[in-house]
Every structure is written in structure tokens, then in C-alpha cells.
Amino acid sequence: MRNPFAVDGRFPDVVVTAVAASTSIAGDVDGTWAGLLAGESGIGPLDQPWVHDYALPVRIAGRLKVRPETVLPRVELRRLASAQQMATVLGRQVWTNAGSPDVDTERLAVAIGTGNGGGEVPLHARELMAEHGYRRVSPLTAQMLMPNGPSAVVGLELHAKAGVVTPLSACASGAEAIARAWQMIIMGEADMVVTGGVEACIDPLAVAMFSVTGVMSSRNDDPKAASRPFDTHRDGLVLGEAGALMIVETENHAKARGATIHARLLGTGITSDGYHLVAPDPTGTHVARAITRAMQTAGLSRNDISHVNAHGDATLIGDSAEANAINQALGNHPRIYAPKSALGHSIGAAGALESVLTVLSIRDEIIPPTLNLENQDPGIDLDIVTGKPKQSRIDYAIKNSFGFGGHNVALAFGRY
């Protein structure tokens, strides 16, 4: 692979220099990480009136522990959709965590994915128009509903001029944003990228539409035990709100500004199943190709990988397909972690959030436990960490992320 921007035939070294997250466990990355290592779960009952108004069959989810409306001033809340609010909060967090650097904004980019974006906005606007006429529709509606809104608001605040992009690939969006950030850096388009994913997906329509597809767990009486990745008795995913951002940059750029380096982003792999609009290819063949591609671009072999942060959404077919893919691409030696067991499935943010957790596992040499895995599916031949955290030196790790439409993304991270 010849890259005109490579040095001595090599891609520029890309490193992770800051992370931020807001989840159902905590409003920051440190609190989330501590909670996961302690075996906490952010999944609980939904007590909003609309749950009963619509007689929804699923009444559990992982809602944000700290909501943007408790952080942002009222004027910003009025102008931003929920996902944009989350991106604004996290953009400020990650920039502060990076040391609020003084950088060349023409070499600064933003890549933030989302699955739904401001999807709640047109629903509310339509209700207003039906009841009061079109003049009651806010002139801010267009900028609030646009899917590129989260990346745009962060880009505007940071004055990023090297590009602002928004991958939209369902549940793989956040991971694809990080892949795009890596691509922008190695192709010489940017020196630094703020990247990740955000999703505010707990509303009546989201719960209803996923419920009727049959992909959600209905363990309403035991929320914390509902998400059971790779377990024989798994019965579907649990929704979870979240957002996560990281800053990636060339190693030279990071060193020049005296940045703290947490890990390396070594390579990416993107494929598609070409199989079904919502169901994964059960063989896992094309997910395995994405993993292999990530290793190839990173210059790694399967024996180098000691950890996989799995997509693990706790659906019957999804977990089996992913296990098949890991076995094909890597074998059964890597230690596996499935964060959705504790945090729920945050759709477009999931791949970004779990990438941040992968970076922390590498940095801190520890893997949190997958919750609720009491009887591992006998057809799943994986070494899954359960019970308590596993201390483990991790030189290289893979993060998997998949989305409706057959989107597959694998990211290769490494120790710095």
C-alpha cells in the first residue's frame, strides 16, 4: 500500500491523547471507568409517564447519569437537539482533557458519528404544526434535526477547518468516525481530529420501534441482568444513552505540544455483509475480513492481538456471528469484554464509547468483567472476562462495531 504522505514507506504514527465519555454510569470518563471495573450497571427501569401512556412492552434502559440540561445554559439547550447538546458537553470535556491546546485550526478536523442525530426534532415540530400551524415551527428546526449537527457544533466551537464529517452507519457510526479520523491523518488531511460518537436514543419512538423488531430484552423485572452478551439465555439488547469522544493526532504533533499519550490507533478495517438490511451474516465472514484488514493496516498478525472489545449486543444471531468472526480472524486466545452488559446499546455512540474503553484497558492493563454471563453459549468458543476485572498487559487490541445495513468496522489499538 503506497501512501504519498507516508514517511519511509510507513503511515504516520497516530496516537490517542485525550478521551471523554458520558454514560448511564457516570457523566465523565473516569467515573464510568471506575464503575465498570467495580462491576456496576447503568441499566434500570424507565419511569417516564410515556412508558405507560403507550403501554410499551420494554420498560428498561440505560439513561444518562448526568443529563446535558444540568450542564448547559438554557440558551444553548433551546438551540441544540439532544445529540448536539451531548456533543457540546463532550467536546468541551475532551478539549479540556487534552490541555486546551493552541493548534493550527487549518490542520484540525472533527469526525463524530451518530445513528439518529436530532431525530426527535421533526416529530415535535410536526406536532406543533398540526396543532398550531406552520408558523409555530421554530426557525432552528433545520439546524437541530440535521444528522451532521453534533460534529458541526463541535467543529464550530473549536474553529476546525480541516474538515467536519459525520459517518452515518447505524450502530457502527462512532467506530466509523474514528476510522475516518485515522484516514484523515494518514492521508495528510489533518494533524489532529476530535472524533467519536453521540446518541440520545431513549424516547417513546425509539423504544417502540426496536421493541416491535423483536431485538430487545424484555426482562423488565430485572433490568441490571437484562443485557447478557454471549449467554445461553440472552434475549436481546437494552438501549443505553451515551456519548464518547477522543482526540487522535500524529505522534509528532502530540510530542511537539507536550501531550499525554494514552495509546496508539494503528489501523482500521471496514467491510459490509451484503446480506440483509438488519440481520448480520451468521457466518461472520465479512466481520472477520474487517478484523483482518485492521490488522493488516496496523502491520499486525492474529497472534499479536490479546484483547477484543466486542460489539456483543446480546442478540441471538449477533453474538453468534461475532464469535464466528473472531474465531476466523483471531482464534480463541484473545480475552473478550462486552461493555453493553453494563451500559446498554448506545447505537451510534457505542463504537466510540467502547473504543475509549479499549484505550483505557490498554493504558491501565486491565479488562473489566462482562456482566450477566452465567451460562456461556456452548456454540461460542471465546475467552470472555467475567466475575472480576482481569489484570493483563495488552500490547494490541481490536475493537469491533457493527450496524444495521451490514456495516462492519474494526479498529486496531496498541500500547504506547
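Residues numbered from 1 in each chain as written. Predicted model: local features only at pLDDT ≥ 70, side-chain atom pairs only at ≥ 80, totals over all residues. Heavy atoms only, no water.

Q: Sorry, what's going on with empty space enclosed by the protein here?
A: To find leftover empty space, a probe the size of one water molecule is rolled over the atoms. Counted under the stated rule, the structure contains 1 cavity of 30 Å³ or more. Counted as a void, the largest cavity has a volume near 50 Å³. At the level of secondary structure, the elements contributing two or more residues to the lining of the largest cavity comprise α4 (82-97) and α7 (149-158). In terms of residue class, the lining of the largest cavity is built from 4 nonpolar, 2 polar and 2 charged. (1 Å grid on protein atoms, 1.4 Å probe; cavity = no way out; pocket = protein on both sides within 12 Å on 5 of 7 lines; lining within 4 Å. Points joined across faces, edges and corners; volume = space filled by probe spheres on them. Helix = DSSP H or I, 4+ residues; strand = E, 2+ residues; numbered from the N terminus. Nonpolar A, V, L, I, M, F, W, Y, C, P; charged D, E, K, R; others polar.)

Q: Looking at this structure, I do not really get the sheet that holds strand β6 (residues 192-199). What am I missing?
A: Two orientations exist for strands paired in a sheet by backbone hydrogen bonds: parallel and antiparallel. Overall, mixed pairing links the 11 strands, which are arranged β5-β4-β6-β7-β1-β8-β15-β14-β9-β10-β12 in an open sheet. Either end of the sheet is taken by a strand with one partner, and the two such strands are β5 (164-165) and β12 (383-384). By the bridge criterion, 8 bridges tie strand β14 (residues 396-403) to strand β15 (residues 407-414) in an arrangement that is antiparallel. Each bridged residue has a counterpart across the sheet, and for S401 the counterpart in β15 is V409. Here helix α8 (residues 173-186) sits on the sheet in contact with β1 (14-22), β4 (108-113), β5, β6, β7 (242-250), β8 (263-272), β14 and β15, set at roughly 115° to β8. Along the sheet, helix α11 (residues 285-298) contacts β8, β14 and β15; its crossing angle with β8, the most-contacted strand, is approximately 145°. (Pairing = 2+ DSSP bridges. Contact = heavy atoms within 4.5 Å. Axes fitted to C-alpha atoms, helices over the stretch in contact; angles between N-to-C directions.)

Q: Sorry, what's going on with the packing of aromatic side chains here?
A: Scanning the model with the defined rule gives 1 aromatic pair in all. Between F11 and W182, the ring centres sit 5.5 Å apart and the planes meet at 85°, which makes this aromatic pair edge-to-face. Of this pair, F11 sits in the segment before β1 while W182 sits in helix α8, placing them 171 residues apart in sequence. Here the two residues F11 and W182 agree in accessibility, since each one is buried. (Phe/Tyr/Trp six-rings, centres within 6.5 Å; stacked < 30°, edge-to-face > 60°. Buried < 20%, exposed > 50% of the residue type's maximum accessible area, 1.4 Å probe, protein only.)

Q: Teacher, can you tell me more about the packing of α8 against helix α14 (residues 350-364) here?
A: Packed helices, taken two at a time, are described by their axes: the angle between them and the distance between them. Taken N-terminus to C-terminus, the directions of α8 and α14 make an angle of 65°; their axes are 4 Å apart at the nearest point. Packed against α8, whose contacting residues are G174, A175 and I178, the element α14 presents G351, A352 and S355 at the interface. Of the residues in the contact of α8 with α14, the class split is 3 nonpolar, 3 polar and no charged.

Q: How should I be thinking about a nonpolar patch on the surface in this particular structure?
A: Taken together, L123, L205, M209 and V212 make up a surface patch of nonpolar side chains, about 390 Å² in accessible area. Among the elements that make up the nonpolar patch, the one with the highest residue count is helix α9 (residues 204-213) (3 residues). For M209, the location among the structural elements is in helix α9. Here M209 falls in the partly exposed class, since its relative accessible area comes to 40%. (Patch = residues over 30% accessible without salt bridge, like charges linked within 9 Å, V, L, I, M, F, W, Y side chains within 5 Å. Areas by Shrake-Rupley, 256 points an atom, 1.4 Å probe, with all protein chains shown as cover. Salt bridge = Lys/Arg side-chain N within 4 Å of Asp/Glu carboxyl O.)

Q: Would you mind showing me how to read the environment of R219 here?
A: Position of R219 relative to the elements: it lies in the loop between α9 and β7. For the pair formed by R219 and P57, sequence separation is 162 residues and the distance between their alpha carbons is 9.9 Å. If sequence neighbours within four positions are ignored, R219 has contacts with I60, A225, A226, R228, H233 and D235.

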